[in-house]
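Here is how the chains run, residue by residue.
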Amino acid sequence: MTNHWNDIANSDCVMAIGSNPAENHPAAFGHITIAQDRGAKLISIDPRFTRTSAKADVYAPLRSGTDIAFINGMIKYVLDDIDNNPDNYNMTYITEYTNAPYLVNPDYKGPADLEGLFSGYAGVSNEAENSKRKYNKSTWQYQKDATGVPIRDMTLQDPNCVFQLMKKHVARYTPEKVNAVCGTPVATFLEVCHTFAATGQKGKSGTILYAMGTTQHTYGTQNIRSYCLLQLLLANIGIAGGGINAMRGESNVQGSTDHCLLFHILPGYLKVPVDADATLADYLKRITPTSSDPLSLNWWKNTNKYVVSLLKAWYGDNATKDNDFGLHYLPKMESGKDYSHISLFEAMNDGIIKGLMCWGQNPAVGGPNSNQERAAMDKLDWMVVTDLWKTETAEFWKRPDADTANINTEVFLLPAKNSWEKEGSVTNSSRWMQWRYKASDGPGEAEDDLWMTDQLAKRLMKLYAEEGGPSAESITKMDWNYGAGHPDVHAVAKEINGYDLTTGKLMNSFANLTADGSTSSGNWLYCNSYVEPEAEPDAPIPGNRSSRRSLEDGPFNIGLYSRWAWCWPVNRRIIYNRAAVDLDGNPWDEEHPVVKWNPAAGTSGAWQGDVIDGGGLPMNQGGHYPFIMKSDGHSSLFGAGMAEGPLPEHYEPWETPVDNAMSNQTSNPAFKIWHPNEHGTSDKYPIVCSTYRVCEQWQGGQMTRNMPWVIEAQPEAFVEMSEELAAEKNIANGEKVIVESARGKVNVVALVTKRYKPFQMNGKSVHQVGVVWHWGYTGLSTGDSANLLTPHVGDANTMIPEYKAFLVDVKKV
């Protein structure tokens, strides 16, 4: 649901929550200022008054970890306003394009009925054993007709329809409750509601920007879900100036996840095989969604084509129909087992994992509960680190208090090149794949990641061919040929795009991929990115669409710039753009049309504008539902696949200074806990803490803390606190202080500012501080990382660590 950055300039209102683009994403912030120059409003919602807040029309403070209460309060405002002023909202969008009319099992009950829980909870809410902390979701399912199609009430009046269940769910989130939970003044909260809800009118649009302040919580996925619900009710998905935009922390985070950086996916967001998948048929049956609704395109029904084409790209002629196209070559996850970051380090600490490869990552600084993650490296037999400089991870045994006599880990440090010393592509959060050229040679023996990977693969293939070993054919049968010298990055890009194996020509669309083994594609989403030269002759690198740099806009001049770089899928700039038109194909926003049906074009009409999502006719002419990647074709206000509930519910962070004002259920009943004995309580640690970044330093610091000019701009780690807290603690600006949690402590400089203010909630004053995390014990500038304080707890769905809300105490050294 991410639109592209240029499109932000089309917004009537930009809401930055859990993000600080003015400081951490200054290039993107330029598009926000353009929108403001055109009359848009900027809302900043943050625990502290940031640089973004300083440019905002409305600033709303909220305590870290309370996004859901805030957004649910906004949703209540919108739903109440729909009752009173339905003409201010796009009710056709809500009823026709979302699952608001769907009827849910009448046995379903929500937190309003069950004191913070949903029906079907199978465990004990405070049980530390993760396997028991889950739901039986049978009552969360839709009612279906005899053909298996969900039953809908288009009047939205049935008490079991999603729309009415949402109204009941958020009715408790009054402005006064939002104030009690978040600490946001009621008048400010209502100003945010009124300002952003105005984008629900036809012809208006609003966008939400989020970053790590949203995701790094034990309910981070539900934080984002709450934004989705709000945007769907305001018809802000699929339109120009709408969407939910992730402010990525790196220039290629989107590209890395597209190509399966995360443990649970293969390239193109295909699911990984598990031990229960005995055959290709078993695997495909498990992972391929089905739909009985003839109006649902259910695009994931093509999963078999993408899986087989991927296996052909990896194993070539060794992937045949007779051997299930080599699926058995792939490793399989143990069903139900977690392979996320925290789990991996726990397995290292337990002696299960014996080797680790860290490619451009510095977990000794960036990992949660860093003391434990550093200690886990003591248990490894070997570790490979590829980076530009020596890092804390590469020198984990040099940490303070390390017992070097009992560390036997062998460490291999491979000097790497930075991104400007190699050629290739990056994909930003707008899904734009942009080709980069090599600017200079790297120093000394430094090599790029592609060379290292190529050498590693070739040498392992030779070793396994000569000596054999477990699952040897997984390595020896690979179709690996990118050149004899330095691997050809263009050959890699072409393999990712894919080939027609019958003709040897590059594929021009994933719509033509097959499941019979006659096509290949290393990532179906990137099919169409690198085509035959005659198909894209004017690109700087003919055929390479990501090398394009034309400033030519689309037919409607809304800033799509469709010939600048290339955007997945098939260069579609705004996904779910069928939702930008009414049932006849006419744009909701005539001033900023994304697509438009022209009945006079061609022989029987055609779409104009952006690459249409899914093709076909408008809905009233027999077309399909607009949300083509959803099995039922509708966007999900009610999400039965979520771990902790189908609707977002406010829970407190694992460590909290207050009781949950919404229910007796303090924390997320399904999130992952690894060390319950390391739980900090408010009697010992009364202050909320969040980690954050500064623009002068970069991630784990391995690049910026080795550059003297950058160090001069931001020389050391600090804790930012309010003037009120500093007065209570008798701390002066610039003094050294100790920040301590149940897991560790850091010695940093006190930065006393007006940007933090105490929160008033439930009659209690709550302080919050922020600690930057870029520092460690290696490099030209050293200091303590904030992650010595953070816990090993994770989101119930993704297991992302809770970096943004935990408890500490602060005292003067």
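Residues numbered from 1 in each chain as written. Predicted model: local features only at pLDDT ≥ 70, side-chain atom pairs only at ≥ 80, totals over all residues. Heavy atoms only, no water.

1. Some words on the side chain of threonine 199
Turning to its location among the elements, threonine 199 is positioned in the loop between helix H9 (186-197) and strand S4 (206-210). Within the structure, the side chain of threonine 199 is placed 2.7 Å from the backbone oxygen of phenylalanine 196, a separation counted as a polar contact. Within the structure, threonine 199 has its side chain in polar contact with the side chain of asparagine 236 (distance 3.0 Å). (Helix = DSSP H or I, 4+ residues; strand = E, 2+ residues; numbered from the N terminus. Polar contact = N/O pair within 3.5 Å; in protein donor to acceptor, adjacent residues only side chain to side chain.)

2. Side note on a nonpolar patch on the surface
Residues Met357, Trp382, Phe412, Leu456, Leu460 and Leu463 make up a contiguous nonpolar surface patch of about 480 Å² in total accessible area. Take the nonpolar patch: its biggest share by element is 3 residues, from helix H18 (residues 449-467). Here leucine 456 is to be found in helix H18. (Patch = residues over 30% accessible without salt bridge, like charges linked within 9 Å, V, L, I, M, F, W, Y side chains within 5 Å. Areas by Shrake-Rupley, 256 points an atom, 1.4 Å probe, with all protein chains shown as cover. Salt bridge = Lys/Arg side-chain N within 4 Å of Asp/Glu carboxyl O.)

3. Considerations on the sheet that holds strand S1 (residues 13-17)
Spatial strand order, S3-S2-S1-S4-S5: 5 strands in an open sheet with parallel pairing. The strands lining the two open edges of the sheet, one partner per strand, are strand S3 (58-61) and strand S5 (244-246). Each adjacent strand pair in this sheet contributes to an overall mean axis angle of 20 degrees, direction not counted. Direction of pairing for strand S2 (residues 41-46) relative to S3: parallel, over a ladder of 4 bridges. When the bridges of S3 are listed, isoleucine 45 appears paired with alanine 60. (Pairing = 2+ DSSP bridges. Axes fitted to C-alpha atoms, helices over the stretch in contact; angles between N-to-C directions.)

4. Some points on the packing of helix H8 (residues 175-182) against H9
Orientation of H8 relative to H9, taken along the N-to-C sense of each, is 115 degrees, at an axis distance of 9 Å. Put simply, H8 runs roughly perpendicular to H9. The handedness of the crossing between H8 and H9 comes out as right-handed. Across from Pro175, Glu176, Val178 and Asn179 in H8, the residues of H9 making contact are Val186, Phe189 and Leu190. Looking at the contact of H8 with H9, its residues break down into 5 nonpolar, 1 polar and 1 charged. (Parallel < 35°, antiparallel > 145°, perpendicular 65-115°, else oblique. Left-handed = near helix turned anticlockwise from the far one by under 90°. Contact = heavy atoms within 4.5 Å. Nonpolar A, V, L, I, M, F, W, Y, C, P; charged D, E, K, R; others polar.)

5. Some details on helix H11 (residues 220-233)
Here H11 spans 21 Å end to end across 14 residues, near enough to the 20 Å set by a 1.5 Å rise per residue. Along H11, 14 of the 14 residues are buried, which leaves the element largely enclosed by surrounding structure. Just past H11, the residue alanine 235 takes up positive phi, approximately 55 degrees. (Expected span 1.5 Å × (residues − 1). Buried < 20%, exposed > 50% of the residue type's maximum accessible area, 1.4 Å probe, protein only.)

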